[in-house]
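Structural features, examined
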Number of protein chains: 2
Amino acid sequence: MSRLDSFISRMQSQRAVLNHIKDTSMVAADGVILEIGLGNGRTYDHIRELFPTNRIIAFDRAVGSHPDSTPPEADLVLGDIRETIRQFAGKDVAFAHADIGTAYPEKDAQTLTWLPQSVAAALASGGIAASGLPLDHSALEPLPLPAGGVPGRTYFYRKR
Amino acid sequence: MSRLDSFISRMQSQRAVLNHIKDTSMVAADGVILEIGLGNGRTYDHIRELFPTNRIIAFDRAVGSHPDSTPPEADLVLGDIRETIRQFAGKDVAFAHADIGTAYPEKDAQTLTWLPQSVAAALASGGIAASGLPLDHSALEPLPLPAGGVPGRTYFYRKR
Ligand SMILES: C[S@@+](CC[C@H](N)C(=O)[O-])C[C@H]1O[C@@H](n2cnc3c(N)ncnc32)[C@H](O)[C@@H]1O
Ligand code: NI
Ligand code: NI
């Protein structure tokens, strides 16, 4: 399996889980969504199409997204997510999507020291998380992956 | 269709065409391959797996590829491809893959002023080109896309 194969598989898995969250109405129409790792904005654009009534707040170090999928300024939180996400603790977020894994294991290990607890703290009880990195936290109950979700590529949880 | 949907479709189409080129033995085992636009190196990695005996020369402005899929220094050509590709005119390249489209129409229009003729000049007669941007050139005969190739996402040619 080439790195291209892995990448396509990861993107397909991500999309399958997002579409499942929509299809099964897991996110209330007025719930806040966090897009953790805006990047190019492709996934932001997909989430925006799936959840047109929800506020989607996107995080990244700096704006690197395409103009067609750059959030309004009021919904952009710039800086190191490790710091910027703290203000969302207790905010009863309905759905958090995180795509901040890299192909560098040391970087990902660093991210995993703060991401699971930050996501758990931001979510409402019953809130949903989907992530490219595992979110190992006692408050986050792993959910079975839907069809098309690939184990080890997308991780899926509900906050207890 | 979201930007994520388009992106997945483009990557799947690219892979389908690459795999077809391999499956139908369109590239001689000792032919030189050009990877025009190395980027992260994912497609380079895929081409390398498909064509293990071929020399693959990769072009980009600077090295931005993951260490796992960075070509040896002797096979890396850094700088503006518009300039660096000129030296390959007449080099009888067997296969040129170009993935240097952007989501910015003005940039792509600029690229299209030089890419088709540069690819045509580099290829041997009978050589193959696959590209994310159209290569409109009298010496490049469009080939039918294989199953999985998506019209408008991947363009496929043989040099007359
Ligand atoms: C894989 S990309 C996200 C791609 C995105 N899903 C898309 O559709 O384009 C990850 C992004 O997360 C950002 N990122 C990763 N770790 C971060 C951190 N600690 N603070 C801020 N941004 C971070 C990177 O800058 C990068 O843009
Ligand atoms: Ni491999
Ligand atoms: Ni759309």
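Details of the structure are given in the entry above.
This write-up is about the structure you can find in this document. (Residues numbered from 1 in each chain as written. Chains lettered and ligands numbered in written order. Predicted model: local features only at pLDDT ≥ 70, side-chain atom pairs only at ≥ 80, totals over all residues. Heavy atoms only, no water.)

1. Thoughts on the site of ligand 1
Residues and elements named next belong to chain A. Around ligand 1 there are 15 residues in total, and N40, T43, D60, I81 and D99 lie nearest to it. Between ligand 1 and N40, the relevant distance is 2.8 Å, taken from an oxygen atom to a main-chain nitrogen or oxygen of the residue. Isolated, ligand 1 exposes 590 Å² of accessible area, and the fraction of that covered by the protein chains is 78%. (Near = heavy atom within 4 Å. Polar contact = N/O pair within 3.5 Å; in protein donor to acceptor, adjacent residues only side chain to side chain. Areas by Shrake-Rupley, 256 points an atom, 1.4 Å probe, with all protein chains shown as cover.)

2. Thoughts on the interface of chain A and chain B
Facing 25 residues of chain A, the contacting portion of chain B comprises 26 residues. Of the roughly 2,300 Å² buried between chain A and chain B, counting both surfaces, carbon and sulfur atoms make up 57%. Contact with chain B buries area across many residues of chain A, yet A:R3, A:L4 and A:R42 alone supply 32% of it, more than any other trio. Where chain A touches chain B, the interface holds two salt bridges. Between B:D5 and A:R15 there is a salt bridge, with its nearest N and O atoms 2.8 Å apart. Across the chain A-chain B interface, the total number found is 12 residue pairs in polar contact (both at pLDDT 80 or more). For the side of chain A that touches chain B, the element with the most residues is helix α1 (residues 3–23) of chain A, which contributes nine residues. In the side of chain A that touches chain B, the residues fall into eight nonpolar, 10 polar and seven charged. (Contact = heavy atoms within 4.5 Å. Buried area = accessible area lost by both parts, 1.4 Å probe. Salt bridge = Lys/Arg side-chain N within 4 Å of Asp/Glu carboxyl O. Helix = DSSP H or I, 4+ residues; strand = E, 2+ residues; numbered from the N terminus. Nonpolar A, V, L, I, M, F, W, Y, C, P; charged D, E, K, R; others polar.)

3. Some words on the relation of the copies chain A and chain B
Expressed as a screw operation, the relation of chain A to chain B combines 0.0 Å of axial shift with a rotation of 180°, fitting to an RMSD of 0.0 Å. The superposition operator between the copies reduces to a two-fold rotation axis. Measuring from the rotation axis to each C-alpha of chain A, the shortest distance belongs to A:I8, at 3.3 Å. An overlap of 100% is found between the interface residues of chain A and their copies at the interface of chain B, pointing to a shared contact surface. (Least-squares fit on C-alpha atoms with pLDDT ≥ 70 in both.)

4. Some remarks on the coordination of the nickel ion (ligand 3)
Protein-derived coordination of the nickel ion (ligand 3) comes from A:E49 (OE) and B:M1 (O), at a distance range of 2.0 to 2.5 Å. Note that A:E49 is positioned in helix α2 (residues 42–50) and B:M1 in the segment before α1 (3–23), a pairing that runs across two chains. (Donors = N, O, S within 2.8 Å, 3.2 Å for Na, K, Ca; no water.)

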